[in-house]
Amino acid sequence: LSSNNPDVAEAQATRYRQLAVELAEAEQETEQTAEQAVKQEMMTSWQAQLKSRKYWQQAITLRPTWPYYHLGALDIEVLLRDKEAIQQRIKHIIKLAPNERGLDEGLLILAFFVWDWVEPTEQEWLLARLGIVPYPTLKTVFSYAKQSGNHYDICAHLAWKKVKGL
């Protein structure tokens with residue numbers, strides 16, 4: 001495998017993200033502290049998240065105009081709760097690929113998880129985008145927005161015809 005292959009970096013980033021989630025669940029179950037994990041030379045969820053972000057950054061460096069790598073990086077930055085990185089990444093994705101419909105669902109879901117951190121100009125763009133997505137995508141995004149308590153903006157900014165069945 002080549003270290004200059006962004007697909008390899010993507011696969012590693014995806015694997016470390018999955019590992020981070022598994023470790024977080026295990027840490028909750030066992031109530032193991034990060035300090036205990038370090039003593040036992042085990043990887044913590046936080047370390048796996050940081051490693052995932054490193055691999056996403058490597059993929060982005062190798063193929064900077066591929067917006068899906070940026071979406072993967074945004075996903076891990078949301079898990080890391082890195083407000084500044086999230087704001088920058090959302091701005092960059094919108095600028096890089098404003099018409100890439102394949103990003104809609106993932107970008108909108110992640111944005112609504114951290115809606116209070118998204119800047120007003122990006123919120124406006126995301127709400128406008130939400131107004132043109134297919135109904136199944138709108139329904140999925142609304143479900144996640146509701147789980148995170150950020151669904152009110154969807155109701156307030158979209159036409160009643162679009163939101164009444166949600």
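A quick note: this is a predicted structure, and the numbers were derived from the prediction, not measured.

1. Some details on the nonpolar core
Reasoning step 1: Residues Leu74, Ile90, Phe112, Leu126, Leu130 and Ile154 are the most contacted members of the largest nonpolar core, which totals 29 residues.
Reasoning step 2: Elements with a minimum of two residues in this core: helix H4 (67-80), helix H5 (83-96), helix H6 (104-113), helix H7 (120-130) and helix H8 (135-147).
Reasoning step 3: Filtering out sequence-adjacent residues up to four positions away, Ile90 remains in contact with Leu74, Leu107, Ala111, Val118, Glu122 and Leu126.
Reasoning step 4: Grouped together as the second largest cluster of nonpolar side chains are 14 residues, Ala20, Leu23, Trp56 and Ala59 included.

2. A short note on the side chain of Gln87
Reasoning step 1: Within the secondary structure layout, Gln87 lies in helix H5.
Reasoning step 2: Not counting the four nearest positions on each side in its chain, Gln87 is found in contact with Trp117 and Glu119.

3. As for the packing of helix H1 (residues 6-30) against helix H3 (residues 45-62)
Relative placement of two packed helices is described by the angle separating their axes and the distance separating the axes.
Reasoning step 1: It is at 8 Å that the axes of H1 and H3 come closest, and there the two elements cross at 165°. Taken together, the axes of H1 and H3 are roughly antiparallel relative to one another. Judged by the sense of rotation from one axis to the other, the crossing of H1 with H3 is left-handed.
Reasoning step 2: Class assignment for the residues of the contact of H1 with H3 results in 13 nonpolar, six polar and four charged.

4. Topic: H1
Reasoning step 1: Its 25 residues give H1 an end-to-end C-alpha distance of 36 Å, which sits within 8% of 36 Å, the value for a rise of 1.5 Å per residue.
Reasoning step 2: Among the residues of H1, Pro6, Val8, Ala9, Ala13, Tyr16, Leu19, Ala20 and Leu23 are the ones counted as buried.
Reasoning step 3: Those residues of H1 hidden inside the fold are in contact with H3 and H4.
Reasoning step 4: Where H1 begins, the side chain of Asn5 points an oxygen toward the backbone nitrogen of Asp7, at a separation of 2.8 Å.

5. Quick notes on the environment of Thr61
Reasoning step 1: In this fold, Thr61 is placed in helix H3.
Reasoning step 2: Classification of Thr61 as exposed rests on a relative accessible area of 56%.
Reasoning step 3: Sequence-wise, Thr61 and Tyr152 are 91 residues apart; in three dimensions their C-alpha atoms are separated by 37 Å.

Definitions and cut-offs
Each residue is numbered by its place in its chain's sequence as written, counting from 1. Side-chain atom pairs in this predicted model are given and counted only at pLDDT of 80 or more, local residue features only at pLDDT of at least 70, and totals for whole chains, interfaces and linings cover all residues. As a rule here, side-chain values come from all non-hydrogen atoms in the structure, and water together with hydrogens is ignored. Note on terminology: a nonpolar core comprises buried Ala, Val, Leu, Ile, Met, Phe, Trp, Tyr and Cys residues joined through side-chain atoms within 4.5 Å. Using a 1.4 Å probe on the protein chains alone, a residue whose accessible area is under 20% of its type maximum counts as buried, one over 50% counts as exposed, and one in between counts as partly exposed. For the purposes of this entry, the term helix denotes a DSSP run of H or I that reaches at least four residues, the term strand denotes a run of E that reaches at least two, and both are numbered from the N terminus. Here a residue-residue contact requires only that any non-hydrogen atoms of the pair lie within 4.5 Å. Orientation is described by lines fitted to C-alpha atoms, with helices fitted over the stretch in contact, and by angles between N-to-C directions that extend from 0 to 180 degrees. Any angle that is under 35 degrees is reported as roughly parallel, and any over 145 degrees as roughly antiparallel; angles of 65 to 115 degrees are reported as roughly perpendicular and all others as oblique. Helix crossings fall into two classes, left-handed where the near helix is turned counterclockwise from the far one by less than a right angle and right-handed where it is turned clockwise. Classes in brief: Ala, Val, Leu, Ile, Met, Phe, Trp, Tyr, Cys and Pro nonpolar; Asp, Glu, Lys and Arg charged; the others, Gly included, polar. The span you would expect from a helix comes to 1.5 Å times its residue count less one. Pairs of N or O atoms are called polar contacts if they sit within 3.5 Å, as long as, within protein, a hydrogen donor faces a hydrogen acceptor (for residues adjacent in sequence, only side-chain-to-side-chain pairs).

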